[in-house]
Amino acid sequence: MPYTNVFLQIKENLQIAYRQAIDSDVRLDELRKEGHGKFVAIFTEEQGFTTSSNRFLPYVQELVAEFDAMQSSTHVAPETLEAFVKKLATLLQTLQVFKLAK
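Calculation rules
- Residues numbered from 1 in each chain as written.
- Predicted model: local features only at pLDDT ≥ 70, side-chain atom pairs only at ≥ 80, totals over all residues.
- Heavy atoms only, no water.
- Helix = DSSP H or I, 4+ residues; strand = E, 2+ residues; numbered from the N terminus.
- Buried < 20%, exposed > 50% of the residue type's maximum accessible area, 1.4 Å probe, protein only.
- Contact = heavy atoms within 4.5 Å.
- Areas by Shrake-Rupley, 256 points an atom, 1.4 Å probe, with all protein chains shown as cover.
- Lys, Arg positive; Asp, Glu negative; His and termini not counted.
- Charge placed at Lys NZ, Arg CZ, Asp CG, Glu CD.
- Expected span 1.5 Å × (residues − 1).
- Phe/Tyr/Trp six-rings, centres within 6.5 Å; stacked < 30°, edge-to-face > 60°.
- Core = buried A, V, L, I, M, F, W, Y, C linked by side-chain atoms within 4.5 Å.
- Salt bridge = Lys/Arg side-chain N within 4 Å of Asp/Glu carboxyl O.

Let us look at the overall build of the protein chain. Looking only at helices and strands, the protein chain has three helices and zero strands in total. With respect to the principal axes defined by its C-alpha atoms, the protein chain has extents near 50 × 25 × 20 Å. Within the protein chain, buried positions represent 31% of all 102 residues. Residue pairs in contact within the protein chain that sit at least 24 positions apart in sequence constitute 65% of those at least 6 positions apart. In the structure as shown, the protein chain presents an accessible area of about 6,500 Å², 55% of it carried by carbon and sulfur atoms. Taking the average location of the 11 positive side-chain charges in the protein chain and that of its 13 negative ones, the two points are 8 Å from each other.

Structure follows, in structure tokens:
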């Protein structure tokens, strides 16, 4: 497969995103208990996500499903991979900003 090294890095980043999403979702629960966090979705369709959630984990799950589909595909278009990587980067950057905002 031509993207073997890229897929390995994506898998590592998805694992990081998963762990950070769990921690961030706990923090979001705490903020809601304090009366904050009254938003409907973290990301928009313009950012490439089809999921709409006020928690991070559903976005990670969307990316994992897309990644699984890419891995099982015999041909992955460069545009598809590029769009996926942009979404993953957006998620990781947002998680990092949220973590630092504590």
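In this fold, Gln71 is placed in helix α2 (residues 57-72). Residues Gln71 and Tyr3 lie 68 residues apart in sequence; the distance between their C-alpha atoms is 9.2 Å.

A word on helix α1 (residues 4-33). Helix length check: α1 (30 residues) gives 43 Å between terminal C-alpha atoms against 44 Å at 1.5 Å per residue, within 8%. Turning to α1, its buried residues are Phe7, Ile10, Leu14, Ala17, Gln20, Ala21, Ser24, Asp25, Arg27, Leu28 and Leu31. Of the surrounding elements, those touching the buried residues of α1 are α2 and α3 (78-100). Of the residues flanking the end of α1, it is Gly35, one or two places downstream, whose phi is positive at about 90 degrees.

Attention now moves to the packing of aromatic side chains. Summed over all chains, the structure comprises six aromatic pairs. Ring geometry for Phe43 against Tyr59: centres 4.9 Å apart, planes inclined by 90 degrees, an arrangement best described as edge-to-face. Within this pair, whereas Phe43 is found in the loop between α1 and α2, its partner Tyr59 is found in helix α2, the two being separated by 16 residues in sequence. For Phe43, a relative accessible area of 3% puts it in the buried group. Looking at Tyr59, the relative accessible area reads 0%, which means it is buried. Cluster of aromatic residues (ring-pair linked, three or more members): Phe7, Phe67 and Phe84.

For the rest of this paragraph, the subject is the nonpolar core. Grouped together as the largest cluster of nonpolar side chains are 25 residues, with contacts concentrated most on Phe7, Ile10, Phe56, Phe84 and Leu91. Counting residues per element, the ones that place at least two in this core are α1, α2 and α3.

Overall, the coordinates contain seven salt bridges when judged by the stated rule. The partner of Arg55 in a salt bridge is Asp25, and the shortest N-O contact between them spans 3.8 Å. Remark: Asp25 occurs in helix α1 and Arg55 occurs in the loop between α1 and α2; sequence separation between them is 30 residues. Arg55 gets classed as partly exposed once you look at its relative accessible area, which sits at 28%. The buried category is assigned to Asp25, whose relative accessible area is 3%. Measuring nitrogen to oxygen at the nearest pair gives 3.8 Å for the salt bridge that ties Asp29 to Arg32. Placement of both Asp29 and Arg32 in helix α1 is noted, with a separation of three residues, approximately one turn of the helix. Assessed through its relative accessible area of 25%, Arg32 is described here as partly exposed. Taken together, the shared-partner salt bridges connect Asp25, Asp29, Arg32 and Arg55 into one network.

Such coordinate-based values are descriptive only and should not be taken to indicate function.
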